[in-house]
Amino acid sequence: MENLFLTDSESDKKYYSQIMSKTNSAVLDAFDNPKAYTGPEPFALKALIHMDNILPEKGIGFDSTLNLVKEKILPNMLRPSSSDYMPHLHSPALIESLAAEHIISAYNQSMDSWDQAPAATEIEVDVINHLCSLYGYGKDSDGVFTSGGSQSNQTAIILARDWFCNVVLNHDVKKYGLPENYRKLRMYTSEISHFSMEKSAHILGLGYESVVKVPVDSKKKIDFAAFKSLVEKDIAEGNIPFLAVATVGTTDFGSIDPMKEMSAFCAEYKMWLHADAAYGSGVILSKEYKNRVEDLKLCDSITVDFHKMFMINISASAVLVKDGKDFDALTIHADYLNREEDEEDGYANLVDKSLQTTRRFDALKVWMSFLMRGKDGWDKLISASMKNAQYFYSILKNDTSFAVVTEPEISSVVFRTVDENLSDEENDEINKKIRRTLLHKHGIVVGQTVSDGHVCLKFTLLNPLVTQEKLNSLVELIKALSYKQRTL
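All values derive from a computational prediction rather than experimental measurement. (Residues numbered from 1 in each chain as written. Predicted model: local features only at pLDDT ≥ 70, side-chain atom pairs only at ≥ 80, totals over all residues. Heavy atoms only, no water.)

(A) A look at the packing of helix 5 (residues 118-134) against helix 12 (residues 363-397). The N-to-C vectors of helix 5 and helix 12 enclose an angle of 60°; their axes lie 9 Å apart at closest approach. Between helix 5 and helix 12, the angle is such that the two are oblique. Crossing handedness for the pair helix 5 and helix 12: left-handed. Here Ile-123, Glu-124, Val-127 and Leu-131 of helix 5 come into contact with helix 12, specifically with Ala-363, Val-366, Trp-367 and Phe-370. Residues belonging to the contact of helix 5 with helix 12 are distributed by class as follows: seven nonpolar, no polar and one charged. (Axes fitted to C-alpha atoms, helices over the stretch in contact; angles between N-to-C directions. Helix = DSSP H or I, 4+ residues; strand = E, 2+ residues; numbered from the N terminus. Parallel < 35°, antiparallel > 145°, perpendicular 65-115°, else oblique. Left-handed = near helix turned anticlockwise from the far one by under 90°. Contact = heavy atoms within 4.5 Å. Nonpolar A, V, L, I, M, F, W, Y, C, P; charged D, E, K, R; others polar.)

See the structure below:
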């Protein structure tokens, strides 16, 4: 059998080059349209994609397989790099991160043990150290790359639970499992925080009831007075507060919870404070706006996502902790993988800090992108998106055709078209129809959510190539579609 893998064989190298060249050409040819989506609606797409058998008795070879990819898949793929794409925290991918991905896939390193990824391990350690410094952590801090914000949040919640049980309750969860009074453990998070809080509580055996949802104020931030009141009420009722989560960039609104006030309160009550900064972590690289997230250094742990504001391709996230010793909660040694004597001799086995065993070399994407662009380049990219959001907000705020929920702190704007002569329900239906019309008739993908019971549209502006002229044209298009719906 020949040409199975990329090796030092000249034949393998030649075949690899041919395969990659054909694939690259197919991808480039498919980027033939500026629109975000040009494929059919769901049922038609399902029929187009479906094949009765994808495991034939005899293989059809690479060229025939690639032809099917070019026919069925590539024309119908979403293009997040389009300036017409703005529904979610799903960014375009910087070209250097695509180059890094090429290296990552070709070498197929596994980040669990040093002997599976020697150079990659040392790069990740170095990147983590730089990240800890970037967010204001000291020399005792540490971190690890994860698959995404949900896993970063889950890791932080595990570390918080074990720290609290060990330090405050004098109970070792790692050895003995949850304490007998585990049903009384409580964690506090914004009512509009990411669903990974509830999901993590379920996975950890604490259940949804352990997650106390704190009301938000008119700016969609945690109501600090309500937070204090809920904690004190729980203590009076015999419950056990162990964790608070400050969301630094809520999924819909990009709002930033009051970390400074929450940190002081958590210290007083011996609670862990985690910052879910999956969205807002990128703001630290904006010279103009970084003061909005400088209180991240006060938190005991931080979720950082690079496949959002940092515009690095999926997947790339990390969880950072102020005290690296807290990762001991996840460390378990195995003779076949992370032997203690190896670690004593300098062989770092990153599985000691990770929920995952096999893990990708995602740190390379950050390493390459940081080096290539530097602080100045990153400042321009991050600040551009935030300025776009402020500009878009100012347009909508001064136009009676729209109602805007709140002024953006990062780069998300939530709004709705309104007609005072129509009911709330009728306005809701018009906004829903506008989103689908934009998607399927204009190739423009925007978000939809609900705020205060009303259906809203959402622009998540992560693409610095979006211009003010583009935003102006989208406003006019949405107004025209709204008028058309009202007059049908």
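On we go from here.
(B) Inspection of empty space enclosed by the protein at higher detail. As enumerated under the stated definition, the model contains one cavity of 30 Å³ or more in all. Approximately 40 Å³ is the volume found for the largest cavity. Lining the largest cavity are Pro-80, Tyr-85, Met-86, His-88, His-90, Ser-91, Pro-92, Thr-460, Leu-462 and Asn-463. Classifying every residue of the lining of the largest cavity by side-chain character gives five nonpolar, five polar and no charged. (1 Å grid on protein atoms, 1.4 Å probe; cavity = no way out; pocket = protein on both sides within 12 Å on 5 of 7 lines; lining within 4 Å. Points joined across faces, edges and corners; volume = space filled by probe spheres on them.)

(C) Broad picture of the pairing of strand 2 (residues 142-146). Of all five residues in strand 2, five are buried; the element is thus mostly enclosed. Along strand 2, one buried face is formed by Asp-142, Val-144 and Thr-146 and the opposite face, lined by Gly-143 and Phe-145, is buried too. (Buried < 20%, exposed > 50% of the residue type's maximum accessible area, 1.4 Å probe, protein only.)

(D) Expanded view of the packing of aromatic side chains. One pass over the structure, following the stated rule, counts 18 aromatic pairs. Both rings, one in Phe-415 and one in Phe-459, keep their centres 5.4 Å apart while their planes meet at 80°; by these two values the pair is edge-to-face. On the criterion of sequence distance, the pair formed by Phe-415 in strand 10 (residues 412-417) and Phe-459 in strand 12 (residues 454-460) is long-range, its members being 44 residues apart. In terms of burial, Phe-415 and Phe-459 fall into one category: buried. Following the ring pairs from residue to residue traces out a cluster consisting of Phe-145, Phe-306, Phe-310, Phe-370 and Trp-378. A cation over an aromatic ring shows up here: Lys-220 above the ring of Phe-253, its NZ or CZ 5.1 Å from the ring centre. (Phe/Tyr/Trp six-rings, centres within 6.5 Å; stacked < 30°, edge-to-face > 60°. Lys NZ or Arg CZ within 6 Å of the ring centre and 35° of its normal.)

(E) Examining the sheet that holds strand 8 (residues 317-321) more closely. Strand order in the open sheet made by the seven strands is 2-8-7-6-5-3-4, with mixed pairing throughout. In this open sheet, the two strands that pair with only one neighbour each are strand 2 and strand 4 (211-214). Averaged over neighbouring strand pairs, the angle between their axes works out to 20° when direction is ignored. Pairing of strand 6 (residues 272-277) with strand 7 (residues 301-305) involves four bridges; the strand directions are parallel. Within strand 7, the position partnered with Ala-277 by the bridge is Val-304. Lying over the sheet, helix 8 (residues 196-203) contacts strand 3 (185-190), strand 4, strand 5 (240-247) and strand 6, oriented at roughly 165° with respect to strand 4. (Pairing = 2+ DSSP bridges.)

(F) Fine view of the pattern of salt bridges. By the definition in use, this model includes 26 salt bridges. Between Glu-101 and Arg-360 there is a salt bridge; the shortest N-O distance is 1.9 Å. Of this pair, Glu-101 sits in helix 4 (residues 95-107) while Arg-360 is found in the loop between helix 11 (340-344) and helix 12, placing the two residues 259 residues apart along the sequence. On the accessibility criterion, Arg-360 (31% relative accessible area) is partly exposed. In this structure, Asp-362 engages Arg-360 in a salt bridge whose closest nitrogen and oxygen atoms are separated by 2.3 Å. On the basis of relative accessible area, Asp-362 is assigned to the buried category, the value being 3%. Sharing partners across several salt bridges, the network here consists of Glu-101, Arg-360, Asp-362 and Lys-365. (Salt bridge = Lys/Arg side-chain N within 4 Å of Asp/Glu carboxyl O.)

(G) Here's a closer look at unusual backbone geometry. Here the residue pair Ile-314 and Ser-315 is connected by a cis peptide bond, since its omega of 0° sits within 30 degrees of zero. Secondary-structure assignment places Ser-315 in the loop between strand 7 and strand 8. Of note, the phi angle at Asn-108 is positive, near 50°, even though the residue is not glycine. Counting through the fold element by element, Asn-108 comes out in the loop between helix 4 and helix 5. Overall, Asn-108 belongs to the exposed group, its relative accessible area being 65%.

(H) Here's a closer look at the environment of Ser-97. Mapping Ser-97 onto the fold places it in helix 4. With 267 residues separating them in the primary sequence, Ser-97 and Leu-364 have C-alpha atoms 8.3 Å apart. Setting aside anything within four residues of it in sequence, one finds Ser-97 in contact with Met-311, Ile-312, Asn-313 and Lys-365. Of the polar contacts made by the side chain of Ser-97, one reaches the backbone oxygen of Leu-94; its length is 2.7 Å. Here the side chain of Ser-97 touches Asn-313 through a polar contact of 3.0 Å, side chain to side chain. (Polar contact = N/O pair within 3.5 Å; in protein donor to acceptor, adjacent residues only side chain to side chain.)

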